[in-house]
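Chain and residue survey
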Amino acid sequence: MLRFDILTLFPDFFSSPMNQGILMRAQNSGLIEVNVVNIRDFAPGKHRIVDDMPFGGGVGMVMKAEPVIRAIESRKQSGINGRVILLTPQGEKFQQEMARELSGWEQLILVCGRYEGVDERVRDHFVDDEISIGDYVLNGGEAAALVVVEAVSRLVPGVLGNEESARNDSFSQGLLDYPQYTRPRKLRGIPVPEILLSGHHQQIELWRKTEAIRRTWERRPEFLKQEELGEEERRILEEVKRTNR
Ligand code: 6GU
């Protein structure tokens, strides 16, 4: 069981996504648990203020430390192996390998940053890791937290069926997917590659491997490290390069 605690100023952001498809099924099966916590509930006073002006001046507001710290502390439990993760553009870039590592913990407390940032003392003393999901600007960490929950949950044993997890392996092997087709055989005059209709399973497998390598070479050549390719894959890659359109 992997438990996620999402700390946010916008708890409603998560209600629909957490109740669809594989994420909903994983929760209903008790394989993961997702709690959404409103940081504002931990802010004092009638006005429950969660932001303030930056010391030193400048534009924008900063998330106050105390409500975030109290929210974190309210979710920590002794004897549970967990991480506190801040979602921020300054974090380490989230990739499949990090998803795999995170899937091994018992609890992930995901803190969604907003405004111009969170008081640095939170990061320095109450956060274990900082994650960014890529080089673009979001309004806050919420969409990023969703990405992390989805990518990590898929790797919790039992969350995917056998068929789904076998397919998942193909990206983990470092290649892009081969092209897929379904009925009709002819769509507005556009045919399906003949080989896929032939019933020659060995040739189909070779075609798929070739197309996966072709796409990877065309779109993400940095994935094709010589030393990580098998003998057959190297041979196919040379053929793909040679017959380069
Ligand atoms: Cl985690 N937060 C924000 N605000 N923007 C981002 C991000 C996170 N990751 C990529 N862009």
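Up top is the structure.
Residues numbered from 1 in each chain as written. Predicted model: local features only at pLDDT ≥ 70, side-chain atom pairs only at ≥ 80, totals over all residues. Heavy atoms only, no water.

1. Here we look at the site of the ligand
Contacts to the ligand come from Leu87, Thr88, Pro89, Ile131, Ser132, Ile133, Gly134, Tyr136, Leu138, Gly140 and Ala144. Ser132 is positioned with one of its side-chain polar atoms (N or O) 3.4 Å from a nitrogen atom of the ligand. One of the backbone N or O atoms of Tyr136 is found 2.6 Å from a nitrogen atom in the ligand. Calculation on the ligand without its partners gives an accessible area of 290 Å², and the protein chains cover 96% of this total. Every element with two or more residues in the shell around the ligand is listed here: strand S5 (82-93) and strand S7 (129-132). Top contributing element to the shell around the ligand by residue count: S5, with three residues. A class-by-class count of the residues in the shell around the ligand yields seven nonpolar, four polar and no charged. (Near = heavy atom within 4 Å. Polar contact = N/O pair within 3.5 Å; in protein donor to acceptor, adjacent residues only side chain to side chain. Areas by Shrake-Rupley, 256 points an atom, 1.4 Å probe, with all protein chains shown as cover. Helix = DSSP H or I, 4+ residues; strand = E, 2+ residues; numbered from the N terminus. Nonpolar A, V, L, I, M, F, W, Y, C, P; charged D, E, K, R; others polar.)

2. Description of the environment of Asp12
Looking at the element boundaries, Asp12 is found in the loop between strand S1 (2-8) and helix H1 (21-28). Under the relative-accessibility criterion, Asp12 is labelled exposed at 67%. (Buried < 20%, exposed > 50% of the residue type's maximum accessible area, 1.4 Å probe, protein only.)

3. Side note on the pairing of strand S6 (residues 107-112)
Taking burial as the measure, the six residues of S6 include six buried ones, the bulk of the element. Two strands pair when backbone bridges link them, and S1 and S6 are joined in this way by five bridges, in the parallel orientation. Bridging from a neighbouring strand, Phe4 pairs with Leu108 of S6. Both S5 and S6 contribute to a ladder of six bridges, which runs parallel. Bridging across to S6, Gly82 finds its partner in Gln107. (Pairing = 2+ DSSP bridges.)

4. Here we look at helix H8 (residues 231-242)
Over its 12 residues, H8 runs 17 Å from end to end, which matches the ideal 16 Å to within 8%, given 1.5 Å per residue. Considered for burial, the residues of H8 that qualify are Glu233, Ile236, Leu237 and Val240. Buried positions in H8, seen along its axis, are confined to an arc of 105° and lie on one side of it. Away from its buried face by more than 90 degrees, H8 exposes Glu231, Arg235 and Arg242. (Expected span 1.5 Å × (residues − 1). Arc of directions from axis to C-beta.)

5. Let's talk about helix H5 (residues 142-153)
Over its 12 residues, H5 extends 16 Å from the first C-alpha to the last, a length consistent with the 16 Å expected when each residue adds 1.5 Å. The element H5 is largely enclosed, with a buried count of nine among its 12 residues.

6. A short note on the side chain of Asn35
Among the structural elements, Asn35 can be located in strand S2 (residues 32-38). Here Asp5 takes part through its side chain, which lies 3.0 Å from a polar atom of the side chain of Asn35. When near neighbours in sequence (up to four residues on either side) are disregarded, Asn35 contacts Arg3, Phe4, Asp5, Ile6 and Arg75. (Contact = heavy atoms within 4.5 Å.)

7. A closer look at the sheet that holds S1
Spatially, S2-S1-S6-S5-S7 is the arrangement adopted by the five strands of the open sheet, whose pairing is parallel. The open sheet has two edge strands, S2 and S7, and neither has a second partner. Each strand axis lies, on average, 30° off the axis of its neighbour in the sheet, ignoring direction. The strands touched by H5 are S1, S2, S5, S6 and S7; relative to S1, the strand with the most contacts, the crossing angle is about 175°. (Axes fitted to C-alpha atoms, helices over the stretch in contact; angles between N-to-C directions.)

8. Focus: the nonpolar core
Ranked by size, the top nonpolar core spans 31 residues in total, and within it Phe4, Ile6, Ile32, Phe94, Leu102, Leu110 and Val152 carry the most contacts. Broken down by secondary-structure element, the contributors of at least two residues to this core are S1, H1, S2, S5, helix H3 (96-102), S6 and H5. Tallying contributions element by element places H5 first for this core, with seven residues. When sequence neighbours within four positions are dropped, the list of residues in contact with Phe94 reads Ala99, Leu102, Ile131, Ser132, Ile133, Val147, Val148, Ala151 and Val152. Listed in part, the 20 residues of the second largest apolar core include Phe42, Ile72, Val111 and Val127. (Core = buried A, V, L, I, M, F, W, Y, C linked by side-chain atoms within 4.5 Å.)

9. Things to note about the pairing of S1
Counting buried positions along S1 gives seven out of seven residues, so the element sits mostly inside the fold. Taking every second residue as pointing to the same face, both faces of S1 are buried, with Leu2, Phe4, Ile6 and Thr8 on one and Arg3, Asp5 and Leu7 on the other. Across seven bridges, the pairing between S1 and S2 is parallel. When the sheet's bridge partners are listed, Ile6 is paired in S2 with Val36.

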